[in-house]
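# Examination of the molecular architecture
Take a look at the letters that make up each chain.
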Amino acid sequence: MTDTLMKELDKIESLSSVSTIPGIKNKSAAIGTTLDELQAELHKARTAVESGEDPQKVFADLNKRIENSKKQVDERQKEHNNALARFGKAVDKKFPNPLPTSQPKFSTPEDVDALERVVGMHFIRTGSFDIAQTFYNECGVPPDPRLWHAFEEMHRIRACLRERDIGPALGWATVNREFLRGRHSTLEFDLHRSHFMDLILNPPPVASPSDPPLAAAIDYSRRHFSTLAASYPQIIPQMKRLAGALAWANRLSSSPYSDLIQDSVHEKLEPAFVKEYCARLGFSRQLPLRVAGDIGGSGALAKIEKSKKVMKDKIAEWEAKDELLIEIPLPPENRYHSIFACPVSKEQSTDKNPPNMLTCGHVIAKESVNRLTKGGGRVKCPYCPVESTGPTLQVHF
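A brief report on the enclosed structure follows. Please read all numbers here as calculations on a predicted model, not as lab measurements.

## Let's talk about the overall build of the chain
Across its full length, the chain carries 15 helices and 5 strands. When burial is assessed residue by residue, the chain has 29% of its 397 residues classed as buried. Look at the contacts in the chain between residues 6 or more apart in sequence, and 54% of them connect residues 24 or more apart. Carbon and sulfur atoms provide 56% of the accessible area of the chain, an area that totals close to 26000 Å².

Now the structure itself:
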């Protein structure tokens with residue numbers, strides 16, 4: 001349904017434009033095109049009269065062209081009005097419920113200040129620095145210079161990554177190596193891998209005729225990958241694949257290592273870098289304002305308002321509840337906690353009460369495991385005859 005709204009908006013934009021927009025077809029010609037053609041006809045008529053042609057005949061033909069142009073403009077305007085009507089119907093169908101009637105949420109100076117800072121930070125994080133500066137000037141809230149410069153650096157490095165220049169990103173990863181290691185992030189290795197594959201595909205000239213053709217790639221791997229292997233044992237299998245790719249350097253596209261040269265390998269570097277950079281600043285990879293808009297605009301706000309109305313009809317206070325009375329379906333990227341519910345206690349898992357897998361493969365919460373544990377550390381599975389004797393395995397969803 002959202003796609004339908006966007007298509008209608010594109011249609012209105014094309015009909016409102018004085019010129020033709022490529023890729024969008026309309027029944028009538030653009031008003032600007034019609035007026036340009038009419039202006040050309042006026043110049044043509046003046047030239048004809050000055051050259052000695054019969055003025056009555058020239059003006060008669062010109063009058064017909066003017067009437068035709070007026071008809072084209074009227075048709076264009078009618079088509080524009082019809083598009084506006086269709087868009088209005090599409091909006092009414094998409095949002096059948098009226099806007100919330102609750103009290104204003106940003107009525108105090110503190111709330112307004114918080115909202116302005118959220119909006120300003122959104123512009124900074126998206127790289128819209130000119131808009132952010134104008135916004136801060138108008139609302140009178142000074143931006144945080146530390147964050148301003150930090151996100152300027154982030155977007156500069158992102159631009160370099162799009163140009164396949166990994167140098168700035170690699171420099172940042174090297175400086176923040178300990179932070180990345182604490183997060184078990186392989187960003188530094190991924191960047192080195194991208195440059196290593198570039199050296200295989202586009203080897204620089206060798207310094208000496210006796211050097212092997214891939215001397216630069218081999219030397220690069222020796223200087224960087226051995227250090228990374230000590231910090232990230234999980235990447236050793238990938239490093240072995242990179243070494244194997246050297247033997248297929250002249251035919252990588254038809255080799256078992258063809259996946260290493262796909263464009264998607266490099267394209268994944270930018271979002272991975274943004275994720276780690278934001279984490280280093282203490283921010284989520286996702287934009288709070290965008291998340292709120294996406295979730296609220298996708299139907300959550302309408303469901304909450306409907307439930308609020310039901311509560312009001314039943315003379316109950318929504319604010320008296322600690323959680324929503326209805327389930328709001330969210331996409332996977334907007335789920336921020338485990339949704340595992342222990343089948344024994346019927347409670348959701350937490351950091352202190354995580355899911356644990358028994359020997360048989362069934363998963364229950366840690367507190368349930370403790371309650372079911374007998375002498376000798378034996379745990380009888382509540383769902384099958386198997387009895388676990390060893391330690392349970394914590395599961396991460």
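Further notes follow.
## Side note on the packing of helix α9 (residues 187-201) against helix α13 (residues 269-281)
Close contact between α9 and α13 brings their axes to 10 Å; oriented N to C, the two are set at 150 degrees. Here α13 runs roughly antiparallel to α9, going by the angle between their axes. Both α9 and α13 take part in a crossing whose hand is left-handed. On α13, the residues touching Leu187, Asp190, Leu191 and Ser194 of α9 are Leu269, Ala272, Phe273 and Glu276. Of the residues in the contact of α9 with α13, the class split is 5 nonpolar, 1 polar and 2 charged.

## Topic: the sheet that holds strand β2 (residues 363-365)
Read from one edge of the open sheet, 3 strands run β2-β1-β5, paired in antiparallel fashion. The outermost strands of the open sheet, each flanked by one partner alone, are β2 and β5 (393-394). With 2 bridges connecting them, strand β1 (residues 355-357) and β5 associate as antiparallel partners. Across the sheet, methionine 357 pairs through a bridge with leucine 393, a residue of β5.

## Remarks on the pattern of salt bridges
Throughout the structure, instances matching the rule amount to 14 salt bridges. With a closest N to O distance of 3.5 Å, lysine 57 and aspartate 61 form a salt bridge. You can see lysine 57 and its partner aspartate 61 sitting in helix α3 (residues 55-94), 4 residues apart, about one turn around the helix. Its relative accessible area of 56% is what places lysine 57 among the exposed residues. On the basis of relative accessible area, aspartate 61 is assigned to the partly exposed category, the value being 34%.

## Points about the nonpolar core
Counting 46 residues, the largest nonpolar core has Ile124, Phe151, Trp172, Leu191, Phe196 and Phe273 as its most contacted members. For this core, the secondary structure elements donating two or more residues are α4 (109-125), α5 (129-139), α6 (145-162), α7 (167-175), α9, α10 (215-231), α11 (236-246) and α13. Setting aside its immediate chain neighbours within four residues, tryptophan 172 contacts Glu153, Ile157, Leu180, Leu187, Phe273, Glu276, Tyr277 and Arg280. The next biggest cluster of nonpolar side chains, apart from the first, holds 11 residues, and it includes Phe340, Ile364, Ala365 and Val369.

## Examining unusual backbone geometry
Phi is positive for arginine 164, close to 65 degrees, though the residue is something other than glycine. Relative to the helices and strands, arginine 164 is located in the loop between α6 and α7. Phi is positive for lysine 346, close to 65 degrees, though the residue is something other than glycine. For lysine 346, the position within the fold is in the loop between α14 (288-313) and β1.

## A closer look at the packing of α9 against α10
Their axes nearest at 9 Å, the elements α9 and α10 cross at an angle of 170 degrees. On the basis of their axis angle, the class for α9 and α10 is roughly antiparallel. Facing Glu188, Phe189, His192, Arg193, His195, Phe196, Leu199 and Ile200 of α9, the residues of α10 in contact are Ala216, Ala217, Tyr220, Ser221, His224, Phe225 and Leu228. Here the residues of the contact of α9 with α10 sort into 9 nonpolar, 4 polar and 2 charged.

Conventions we followed
Residues numbered from 1 in each chain as written. Predicted model: local features only at pLDDT ≥ 70, side-chain atom pairs only at ≥ 80, totals over all residues. Heavy atoms only, no water. Helix = DSSP H or I, 4+ residues; strand = E, 2+ residues; numbered from the N terminus. Buried < 20%, exposed > 50% of the residue type's maximum accessible area, 1.4 Å probe, protein only. Contact = heavy atoms within 4.5 Å. Areas by Shrake-Rupley, 256 points an atom, 1.4 Å probe, with all protein chains shown as cover. Axes fitted to C-alpha atoms, helices over the stretch in contact; angles between N-to-C directions. Parallel < 35°, antiparallel > 145°, perpendicular 65-115°, else oblique. Left-handed = near helix turned anticlockwise from the far one by under 90°. Nonpolar A, V, L, I, M, F, W, Y, C, P; charged D, E, K, R; others polar. Pairing = 2+ DSSP bridges. Salt bridge = Lys/Arg side-chain N within 4 Å of Asp/Glu carboxyl O. Core = buried A, V, L, I, M, F, W, Y, C linked by side-chain atoms within 4.5 Å.

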